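Residue-level structure breakdown
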Amino acid sequence: HAGATQVELRVRLDTREIVADYRDDGVGFDPTLIEGVGLSSDAFGLFHVRERCAYLGGSLQIESSPGRGARFVVTLPARAGAGRERPDASTHRSR
């Protein structure tokens, strides 16, 4: 999609968080277009990633503009589920 010729991915892990920093020199896009997207939108994938990051107690930062490439920074707690309350396994029932 991006038409990139160069990409860079840096991943950092410490005791508090995992950070994945992705950059490319592709065609870029207007990141405001993913706000309030519908299910049929091409931007739904990024919307879903942002929602999943928030659910896990993290975040997704998007920096881009048309013709200027893109940067995505995913930050998550180092311990899975640290940002949300999990149901007690003893009281959770599947249907």
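Everything here concerns the structure above.
Residues numbered from 1 in each chain as written. Predicted model: local features only at pLDDT ≥ 70, side-chain atom pairs only at ≥ 80, totals over all residues. Heavy atoms only, no water.

Describing the nonpolar core
Let me state the cut-off plainly: The term nonpolar core refers to a set of buried residues drawn from Ala, Val, Leu, Ile, Met, Phe, Trp, Tyr and Cys, joined through side-chain atoms within 4.5 Å. Between buried and exposed lies partly exposed: a residue is buried under 20% and exposed over 50% of the maximum accessible area for its type, with that area taken using a 1.4 Å probe on protein chains only. Secondary structure elements are taken from DSSP: a helix is a run of H or I of four residues or more, a strand is a run of E of two residues or more, and numbering for both begins at the N terminus. Every residue pair with non-hydrogen atoms within 4.5 Å of one another is taken to be in contact.
The biggest cluster of nonpolar side chains holds five residues, and these are C53, L60, I62, A70 and F72. Sorting the residues of this core by element identifies β3 (59–64) and β4 (70–77) as the ones contributing at least two each. Apart from the residues lying within four places of it in its own chain, the contact partners of L60 are L46, V49, R50, C53, F72, V73 and V74.

What about the side chain of D24?
Heads up, the rule is: Positive charges come from Lys and Arg alone, negative charges from Asp and Glu alone, with His and the N- and C-terminal ends not counted. A pairing counts as a salt bridge when a side-chain nitrogen of Lys or Arg comes within 4 Å of a carboxyl oxygen of Asp or Glu. Two N or O atoms form a polar contact when they lie within 3.5 Å of each other; inside protein one atom must be a possible hydrogen donor and the other a possible acceptor, and for residues adjacent in sequence the pair counts only when both atoms belong to side chains.
Summarising the element assignment, D24 is placed in strand β2 (residues 17–24). Put simply, D24 is tucked away with no salt bridge, and the nearest opposite charge, on R23, sits 10 Å away. Of the polar contacts made by the side chain of D24, one reaches the backbone nitrogen of G26; its length is 2.9 Å. Apart from the residues within four sequence positions on either side, D24 is in contact with A2, A4, Q6, V7, G69 and A70.

Considering a nonpolar patch on the surface
So the rule is basically this: For patch building, the residue pool is restricted to those with more than 30% relative accessible area and no salt bridge; the joining distance is 9 Å between like charges and 5 Å between nonpolar side chains (Val, Leu, Ile, Met, Phe, Trp, Tyr). Accessible surface area values rest on a Shrake-Rupley calculation with a 1.4 Å probe, where residue burial reflects the displayed protein chains alone.
A surface patch of nonpolar side chains, amounting to about 400 Å² of accessible area, comprises L9, V11, L13 and I18. The element that contributes the greatest number of residues to the nonpolar patch is strand β1 (residues 7–13), accounting for three residues. The residue L9 is located in strand β1 in this model. In this structure L9 comes out as exposed when scored by relative accessible area, which is 56%.

Some points on the packing of aromatic side chains
Basically, it comes down to this: For this analysis, a ring pair means two rings from Phe, Tyr or Trp (six-membered ring only for Trp) whose centres lie within 6.5 Å, classed as stacked if their planes differ by under 30 degrees, edge-to-face if by over 60, and tilted for the remaining angles.
For the structure on display, the rule yields two aromatic pairs. An angle of 20° between the planes, with centres 6.2 Å apart, marks the rings of F29 and F72 as stacked. With F29 in the loop between β2 and α1 (44–55) and F72 in strand β4, the pair connects residues that are 43 residues apart, well separated along the chain. The class of F29 is partly exposed, set by a relative accessible area of 22%.

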